[in-house]
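What follows is each chain in one-letter form.
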Amino acid sequence: MTKTFMFGGGGVELGPDGAPTAFLHPRDPGRVYLLSETLEEWHGPDHSWGSGFVITPEGSGRWQTANAVDWHAGGVTAWHRPRADLELTIDRRTDGDHWVETYRWTNTGDRAVEITGLAVNVPVRDVYDGARSALARGCHAHVFTGGAWSWILAEPMSGAAPLLGVIVREGSLWAYSVESRNRRTSSNARGHLLVHPTDHARNPDAFGGQPILTLAAGESHTLSWELGWYDSREAFLAATDAPALLPSLTAPLGSKPAVELAAGTKLLSGETAVRHGVQHLDLERDGRTSRTAVAFLAPVRLLTEARVERILHEHRPVERPDPERYAFVPVDTRTGLRQTENGWPDWTDGAERTGMAVLLQQARRRGWGDRQAIDDALRGFARFARERLVQPDGSVHRSSRPGAEPLRLYNTPWLAHFFLDQFHLYGDGADLDLAASLLESGYALGAADQLLIGHPEAVAGVADALEGQGHPERAGSLREALIDHADRFVGLGTDLPAHEVTYEQSMVAPLVSLFATAYALRPAERFVAALRPAVRWLRAFGGPQPHVRLRDIGIRHWDGYWFGIDRQWGDVFPHYWSVLTAVALRRLPAQLQTEESRRTADAIFAANLVDFTPDGRTTCAFVMPSCVDGRPAHRPDPLANDQDWALALLLRTTGPSVSGMTGGAGAGGRALTHPCSPR
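Now for a quick tour of the structure. Bear in mind that the values here come from a model prediction, so they are computed numbers and not experimental data.

1. Focus: the packing of helix H3 (residues 300-314) against helix H4 (residues 354-366)
Put simply, H3 and H4 touch, their axes get as near as 10 Å, and they point 130 degrees apart. Our classification of the angle between H3 and H4 gives oblique. Note on packing geometry: the crossing formed by H3 with H4 is left-handed. Note on element contacts: H4 touches H3 through Met356, Leu359, Leu360 and Ala363, opposite Thr304, Arg307, Val308, Ile311 and Leu312. Here the contact of H3 with H4 is built from residues that sort into seven nonpolar, one polar and one charged.

In structure tokens form, the structure reads like this:
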């Protein structure tokens, strides 16, 4: 039996225990906002909305089925006892505009209780069950656990209203974690989300530190939040009553972050930093403490040159014979030991590792780093790629190891663009010919049916170079193929074909780039009309959280497993492919670009610099949740693998002059800092 209560033009459906099973709105009747046992066989009562667990030094417990339920006008009250000395009362009611939930844990024993872990399930339906279904029924869960300043925004993947927002009004949330992440749920489901008044027992240092909650005999701890429907992100953010505004979440080293404090708010810590990286900001208002994070950034040239030096000295397998010794491979940053492939496709010496070669090219184009060493490395990698990766049919293997492997067209535009840039660097027409041949072969092998990262940019760049070298017919043929490619996807609408993940940000960003590039080649209203919803889909992947690792960074929740050495699932923030959103936004036609979209692109590039250090170290994945399936996270994976695309695409997209960068003195005359006006 279920009961439905209305609030704010929508409603909530409650199960027999009084727990929400769905949130409903007549403007979007096909979306239930929560995971469903009918739709997701891996979801069940253990993770129902409002269920959870408590951890104490004396023992732990969970709550799920209520001991008693009292239905009343406008809502329901349920009682649970997760431990013998701890009673939980959950009151749920409508106030007309909002659905208000209050969780109150009371120490019913005769001595104090220390709570070192407390979790509440919020199973938002963040699932990629194919593009059409995801856009029609899925939600991106944008989570911000900033203490008293905490909220959750369930945003339809279509980017359309209504949005369902959860705003903490009493108590605090200091972390979030993820459960049900494993090979079974794999890459197409984000899992179950849990929010924590504390996750100290499992990861005491996560998110800047987790508190211990001490309840004296008879004392209670309360968490209360309200849920409402919103027509836009802006309307939701206005309702959160933020203690501060952060128009920029990054700042050059030695400066202060842009923090606009609300009336009555005090900044307690984190105003300045002398080290590159993330810095937590602690705020206090009305006796309640909040926390978020900004980043202080070293100059881009310093980060790039340090990274280039480490790539040259650590990432090349010099123990191999020619030409394999000129490849690039992952490195375990704990030891400096190069990682062998071990038969794992994402640890190979091709595919995403091409990003290291691209970064060397971009440094070389600017005269950064050791010119001779970079030249030798690039010419060696070009020979390696020609002899070991490029196949007779024009496909590109992801590994130099012989043997059959599935066709993976992702590899093609990366290598095509590499050889295009080789041509620009050294002027060898054979490199341009190979770049064009790879793209032509890619289309022959089915590229027109896929959304490949970097493909539109590679086609446009190669066609321009061909025309400049006196090959207008070949250039025109590539451009026509791209126009046909774009027209195919205009016709598909939301029926985007599944890729390695059935629906993801790194499909939609190439879709936006494809339409934008087609429009630049042949201005037509059909491409602008297709761009408008596609840009909404793309922007929906990144939330509005006031945290440098989160704001506008596209959700990706599988790369730590595939590319890392810890093999850990869970949200990666930022993931380097988040810069694809910035690349796509910069390619938009003038009539679709805004000052806000330009600031967003700059800010995404800037946020990705937090995973690089001034000594050239980096990580392939910062796994954001405090824990994933009970394993501590909120830390960088030790493997340096594929992440150099973030720096490489920043430099490639801004061009040899690094336009869009702000000036500032740096060591050794370095004058470039970080992308301007990061939002």
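2. Remarks on the pairing of strand S23 (residues 277-285)
Strand direction decides the pairing type here: strand S22 (residues 266-269) and S23, joined by three bridges, are antiparallel. By the bridge assignment, Ser269 is partnered in S23 with Asp282. Of the strand pairs in this sheet, S23 and strand S24 (residues 288-297) are connected by nine bridges, and their pairing is antiparallel. Of the residues in S24, the one forming a bridge with Asp282 is Arg291. A loop of two residues connects S23 with S24, the two strands running antiparallel in sequence, and Asp286 in this loop sits at a positive phi of about 55 degrees.

3. Considering helix H13 (residues 579-586)
Most of H13 is tucked away: seven of the eight residues are buried. Turning to H13, the residues buried within the fold contact helix H8 (455-468), helix H10 (505-521), helix H11 (525-540), helix H14 (595-607) and helix H15 (645-654).

4. Describing the pattern of salt bridges
Side chains carrying opposite charge are able to pair once their charged atoms draw close together. This model, assessed by the stated rule, comprises 51 salt bridges. We note a salt bridge from Asp346 to Arg398, for which the minimum N-O separation is 2.9 Å. With Asp346 in the loop between strand S26 (337-338) and H4 and Arg398 in the loop between helix H5 (371-389) and helix H6 (411-426), this pair connects stretches of sequence that are 52 residues apart. Its relative accessible area of 9% is what places Asp346 among the buried residues. It is possible to trace a salt-bridge network through shared partners that takes in Glu40, Arg125, Asp129 and Arg137.

So, how was this worked out
Each chain has its residues counted from 1, following the order in which its sequence is written. Reporting of local features is limited, given that this is a predicted model, to residues whose pLDDT is at least 70; pairs of side-chain atoms are given and counted only at 80 or more, and all residues count toward the totals for whole chains, interfaces and linings. Note: side-chain values were computed over all heavy atoms of the structure, leaving out hydrogens and water. Here an axis means a line fitted to C-alpha atoms, over the contact stretch when the element is a helix, while the angle between two N-to-C directions is reported on a 0 to 180 degree scale. Starting at the N terminus, helices and strands are each numbered in turn, a helix being any DSSP run of H or I of at least four residues and a strand any DSSP run of E of at least two. What sets the label is the angle itself: under 35 degrees gives roughly parallel, over 145 gives roughly antiparallel, 65 to 115 gives roughly perpendicular, and the rest give oblique. Crossing handedness is defined as follows: a turn of the near helix away from the far one that is anticlockwise and smaller than a right angle gives a left-handed crossing, while the clockwise case is right-handed. Contact definition: two residues touch when any of their heavy atoms are within 4.5 Å. Amino acids are sorted into nonpolar (Ala, Val, Leu, Ile, Met, Phe, Trp, Tyr, Cys and Pro), charged (Asp, Glu, Lys and Arg) and polar (every other residue, Gly among them). By definition, two strands form a pair when at least two bridges between them are found by DSSP. Relative accessibility thresholds used throughout: buried, under 20% of the residue-type maximum; exposed, over 50%; partly exposed, between the two (1.4 Å probe, protein chains only). The term salt bridge refers to a pairing of a side-chain nitrogen on Lys or Arg with a carboxyl oxygen on Asp or Glu at a separation within 4 Å.

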